[in-house]
Amino acid sequence: MTDAALVAQARAGDVEAFGHLVDRYYDDCTRFARRMLGNRHDAEDALQEAFVNAYQALARYHERDAFRGWLYRIVLNECRRLAARRWRNERRLVHDDVTLERLPGREENGAADLRDQLQTSLARLEPLLREALLLKYGEGFEYTEMARMTGASIPALKMRVKRARDQMRPWLEEMEENA
Amino acid sequence: MSARSWRAACGAAFALAAALAWLASAVSAAPIDKRLVERLDPTTAEEVWKVVEAAEAQGVPTDPLIVTALEGASKHARPERIVAAVRERSAALLAAKEVLGPESTPGEIAAAAGALMSGVPRDTLARLRQERPKGSLLVPLVVLADLVTRQVPIETASMAVLHASRLGTRDADLLRLRSRVEGDIRRGVSPAAATIARLQTLGLGDAPAPPTSPGGSHR
Amino acid sequence: MTEGDHDIARHMAAYTEVGPPSPEARQRLMAKLRRESVRRPSLLARLREATTSWTVSPLLSGATALAVGVVLGWVLHDARTSANGGSATPGPGVAGVSSTHEVRLVQFVLLAPKASRVAVVGDFNDWDPSATPLARLQGGSWVAAIPVSPGRHVYSFIVDGDRWVSDPASPLAPEDDFGIRNSVIVVGQEST
């Protein structure tokens, strides 16, 4: 059954139909949230909020949008909010994308439970670069969809992905040499 | 008292005792469901209640019989029509219970009875049960009966629902199939052709997919 | 793909190796969603959203073309004390329900702007025309919510006291005992 059909059922009040959508996407979204946030606990919190938000927002979902992209946008926003809350706890105020872009990505230190080489490199990326890289190379989204999800332009997203790659490459090579 | 008088007196006492015993047994029988008493005239209520009691003795769910009578009352049906409807329903429920098996739910039995009353053969119901020995047959039976009611030939409707069940089609997909067939019929497609065409789309599009074409299951 | 892509793709091969999500987290999520479906605010707002965004069936033809049925099945769980110790929070309008059965609140909606009164009748209310009058909303929709047990239910609408209207959006009930076709709704069914 297509996502749109399950959404229709869920909108009619069938929470179990939404449960099927959860079944379909929970694992992938978990993977994304864990790579974004670096630890299981935060990822689970973000997913709880995201799926409940998605359920509440079903009335605003349009069939012309791919459900997966629509859902990931909500997950992405929750990851951003959670990361921003961590920053606020460290007395930093995050107002907008520009500010986010300036924040070094070190929030996982001490809270990370994912410690493979990839995560170590991802953690060092600025959040917006990490987002773009994960959406493109981790989750396989096209740039057009990423633009809808993030609100950024396609050229901006391509630049973020390129910068993420350029930054990560030497870190990963260094880790491989030292392994 | 003479011997003859004594025998007469004993006979009378015996007859009286027998009458009292019969009366006692009659009084101790279950009272007529008060819904029937409130909504039907006394004679019809009693007639219906007899059918209900007989059905209960055969293990047939009785609430559907009572609500059938109440439905008739609300629709101002003639008393004899009400009693006949209850009898027909009772026979169909019994047949449905026999075909579907003792572990069937009341809903399945009621749905199967409806299907039988619309002409679906028992064999189809038995085969449906074989396709889904543990799962609920409620939605397949509802869909099957609906298709037949919309003039889909019984063989075609039966084949469609059996085939869908064999594929492991989810209830929601089966309901969607029904809705689409209904829409096609409204647009002038023959019931049989609509059913076969929509059946062929089952099993496709189960994976996460790009947006569907507009309309979906709402029309 | 450029050489850079190949490098990153190679490193990102480890991307999926995060370990499985905890089943408890998913169960907590579903429990929260089910509670959320009970708490859903503003049924009326949701109803307006649904009736404006959904395409309704065409009006019945001829003299009976006053009423068009749109059944929205709102399933509000009467959450029972679960094995995990969740609390029971009966939804509104579910008073008097046996604690041994799970009951759902089903909302019936009829779009009948010209009607002066509408009732829903069915096996869940003993086909009593006076049991469940629908309330009129702005825009000519009529609505009522009824607690029903899971399973199959047969029902119909009565418009202005004497016009029986089956629901074009629901399956038809095959039983035709009294010459008036009813509709069927299946509540709480689960796919296998």
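Up top you'll find the structure we're talking about.
Residues numbered from 1 in each chain as written. Chains lettered and ligands numbered in written order. Predicted model: local features only at pLDDT ≥ 70, side-chain atom pairs only at ≥ 80, totals over all residues. Heavy atoms only, no water.

**Q** Would you mind going over the overall build of chain B in detail, with residue names and values included?
**A** A count of helices and strands for chain B gives 11 helices and zero strands. Ordered by position from N to C terminus, the α and β elements of chain B give α-α-α-α-α-α-α-α-α-α-α. Here chain B holds 219 residues, and 46% of them are scored as buried. Counted over contacts in chain B with a minimum sequence separation of 6, partners at least 24 positions apart contribute 62%. Here chain B displays about 11000 Å² of accessible surface, and carbon together with sulfur accounts for 60% of that area. (Helix = DSSP H or I, 4+ residues; strand = E, 2+ residues; numbered from the N terminus. Buried < 20%, exposed > 50% of the residue type's maximum accessible area, 1.4 Å probe, protein only. Contact = heavy atoms within 4.5 Å. Areas by Shrake-Rupley, 256 points an atom, 1.4 Å probe, with all protein chains shown as cover.)

**Q** How would you summarise the interface of chain B and chain C if you had to cite specific residues and measurements?
**A** On the chain C side, the residues contacting the 40 residues of chain B number 32 residues. Of the roughly 2900 Å² buried where chain B meets chain C, counting both sides, 61% is carbon and sulfur surface. At the junction of chain B and chain C, the tally comes to one salt bridge. A salt bridge links Arg35(B) to Asp126(C); the nearest nitrogen and oxygen atoms lie 2.9 Å apart. Our count for the contact surface shared by chain B and chain C stands at eight residue pairs in polar contact (both at pLDDT 80 or more). Secondary structure elements with two or more residues in the side of chain B that touches chain C: α2 (34-39), α4 (63-74), α5 (79-100), α6 (106-117), α8 (138-149) and α10 (171-186) of chain B. Residues belonging to the side of chain B that touches chain C are distributed by class as follows: 14 nonpolar, 10 polar and 16 charged. (Buried area = accessible area lost by both parts, 1.4 Å probe. Salt bridge = Lys/Arg side-chain N within 4 Å of Asp/Glu carboxyl O. Polar contact = N/O pair within 3.5 Å; in protein donor to acceptor, adjacent residues only side chain to side chain. Nonpolar A, V, L, I, M, F, W, Y, C, P; charged D, E, K, R; others polar.)

**Q** Kindly report on the interface of chain A and chain C, identifying the contributing residues and their values.
**A** The interface of chain A with chain C comprises 42 residues on the first partner and 36 residues on the second. Seen at the junction of chain A and chain C, the total is five salt bridges. With a closest N to O distance of 2.7 Å, Arg26(C) and Asp27(A) form a salt bridge. For the interface between chain A and chain C, the tally reads nine residue pairs in polar contact (both at pLDDT 80 or more). Among the secondary structure elements, those contributing two or more residues to the side of chain A that touches chain C are α1 (3-11), α2 (15-37), α3 (40-56), α7 (127-138) and α9 (154-178) of chain A. Element by element, the count of residues in the side of chain A that touches chain C is highest for α2(A), at 14 residues. Here the residues of the side of chain A that touches chain C sort into 19 nonpolar, seven polar and 16 charged.

Function cannot be inferred from these measures alone, as they are strictly geometric.
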